[in-house]
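Analysis of the macromolecular model
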Amino acid sequence: MTLSDLAERAAPQHAPRTIRFVALGDSLSEGVGDRVADAWRGWAALLAEGLADAHGRVAFSNLSSSGAQSRDVAETQLPAALALRPQLASVVVGVNDTLRRTFDIGLLARRLDRVCAELTAAGTVLLTACLPDPGRMLGLPAPLARPLARRQRAVNAVVHDLSARYGTVHLHLDAPLWTDDRTLWSADRLHPGERGHRTIAAAFHALLRERGLAHGTPPSREPEQPPPTRADAALWLATAGTAWVVRRCGDLLPQLLMLAATEVRHSATGTRDHLDARADRALTEALNATIGT
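Okay, so let's go over this structure. Predicted model only: the values in this text are computed from it and were never measured. Residue positions are given per chain, counted from 1 along the sequence in the order it is written. Per-residue local features of the predicted model are confined to residues with pLDDT of at least 70, and side-chain atom pairs are confined, for both listing and counting, to 80 or more; whole-chain, interface and lining totals are unaffected and use all residues. Water and hydrogen atoms play no part in the side-chain values, which are based on all heavy atoms of the structure.

**Examining the packing of aromatic side chains**
Pairing of aromatic rings covers Phe, Tyr and Trp, the last through its six-membered ring, and needs centres within 6.5 Å; plane angles under 30 degrees mean stacked, over 60 mean edge-to-face, and all others mean tilted. One pass over the structure, following the stated rule, counts two aromatic pairs. For the pair phenylalanine 21 and phenylalanine 60, a centre-to-centre distance of 5.2 Å together with 35° between the ring planes defines the contact as tilted. Separated by 39 residues along the polypeptide, phenylalanine 21 in strand β1 (residues 17–25) and phenylalanine 60 in strand β4 (residues 56–62) bring together distant segments of the chain. If you follow arginine 35 out to its NZ or CZ, it ends over the ring of tryptophan 40, 3.9 Å from the centre. Think of it this way: any DSSP run of H or I at least four residues long counts as a helix, any run of E at least two long counts as a strand, and we number them from the N terminus. We count a charge as sitting over a ring when the NZ of a lysine or the CZ of an arginine lies within 6 Å of the ring centre and within 35 degrees of the ring normal.

**A few points about the environment of glycine 196**
For glycine 196, the position within the fold is in helix α10 (residues 194–210). In what follows, a contact means two residues having at least one pair of non-hydrogen atoms within 4.5 Å. When residues no more than four places from it in sequence are discounted, the contact partners of glycine 196 are Trp178 and Leu184.

**Section: the packing of helix α6 (residues 105–121) against helix α8 (residues 142–166)**
To define axes, lines are fitted to C-alpha atoms, for helices over the stretch in contact only, and angles between the resulting N-to-C directions are given on a 0 to 180 degree scale. Where α6 meets α8, the axes come as close as 10 Å, and the angle between the chain directions of the two elements is 25°. When the axis of α6 is compared with that of α8, the two are roughly parallel. Once α6 is placed against α8, the crossing between them reads as right-handed. Each of Ile105, Leu108, Ala109, Leu112, Asp113, Cys116, Ala117 and Thr120 in α6 lies in contact with α8, whose residues at this interface are Ala154, Val155, Val158, Val159, Leu162, Arg165 and Tyr166. Class assignment for the residues of the contact of α6 with α8 results in 12 nonpolar, one polar and two charged. Throughout, the term roughly parallel applies to angles under 35 degrees, roughly antiparallel to angles over 145, roughly perpendicular to angles from 65 to 115, and oblique to all others. Left-handed describes a crossing whose near helix is turned anticlockwise from the far helix through less than a right angle; right-handed describes the clockwise counterpart. Here the term charged refers only to Asp, Glu, Lys and Arg, the term nonpolar to Ala, Val, Leu, Ile, Met, Phe, Trp, Tyr, Cys and Pro, and the term polar to all other amino acids, Gly among them.

**Observations concerning the pairing of strand β5 (residues 88–92)**
Burial classification: accessible surface area is computed with a 1.4 Å probe over protein chains only, and a residue below 20% of its type maximum counts as buried, one above 50% as exposed, and the rest as partly exposed. By the criterion of burial, β5 is predominantly enclosed, with five of the five residues buried. The alternating pattern of β5 places Leu88, Ser90 and Val92 on one face and Ala89 and Val91 on the opposite face, and all of these are buried. Bridge count between β5 and strand β6 (residues 125–130): four bridges; the pairing is parallel. The residue bridging valine 91 from the neighbouring strand is threonine 128, located in β6. Any two strands with at least two DSSP-identified bridges between them are counted as paired.

Here it is in structure tokens:
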């Protein structure tokens with residue numbers, strides 16, 4: 001059954017088809033990096049414009065919020081999304097979890113499994129994405145970047161597993177095609193710029209069209225604003241970037257320094273694979289726990 005079939009079934013006879021699309025997640029889906037008329041737009045809003053043909057319409061609700069973690073999506077955004085009875089919902093979250101002292105891959109896996117399970121049970125088609133690790137995108141020194149990379153790899157592995165389990169429309173935003181092209185990213189190096197948001201929207205549109213779930217005009221990949229320059233990036237890092245690090249990493253920094261010291265110690269003794277093995281065990285336990293739910 002296609003998205004049009006679902007929309008037709010839910011609409012009164014002869015009424016225009018309405019596709020209800022809801023975005024759940026953090027600042028990436030909120031649209032940070034793509035400012036239009038003093039407000040964030042973002043890939044989800046751009047995608048919404050191309051879902052329906054001339055005979056249909058789209059009801060788009062963006063429940064995403066900057067700084068949101070998996071807990072926020074499961075406890076606050078999910079009930080609001082279910083109340084809207086969407087045919088299509090995006091669930092893109094996890095980076096903020098990795099930037100917290102309380103990071104727990106088991107809790108994240110159970111939360112996201114619940115979100116995917118309840119939306120799928122309600123007849124919603126899901127969009128998911130795995131994301132680049134923030135340490136690499138920010139160019140942090142290796143001892144600081146590796147712990148964050150290990151966490152993001154675990155989050156992505158959970159998302160990959162849930163994507164396969166629930167048949168989601170999935171985008172690999174951690175692939176070099178995305179991370180190595182700096183024209184896709186805003187000055188903060190963590191959020192897409194306008195070109196990036198447009199490219200994500202167009203990529204999701206292509207995947208949805210393959211499934212017969214998108215019928216409108218694909219979003220244009222060409223930005224209306226120029227990409228940020230190196231000077232823009234340097235200015236952001238010297239000003240707003242410092243405030244961002246304080247807000248997002250304040251409770252993580254002491255632990256991150258300890259994790260970095262552990263990385264250095266294991267690197268010096270040639271036992272860094274022990275850290276990877278420990279993370280792999282935690283990931284396996286997390287995935288096994290969701291299978292039993």
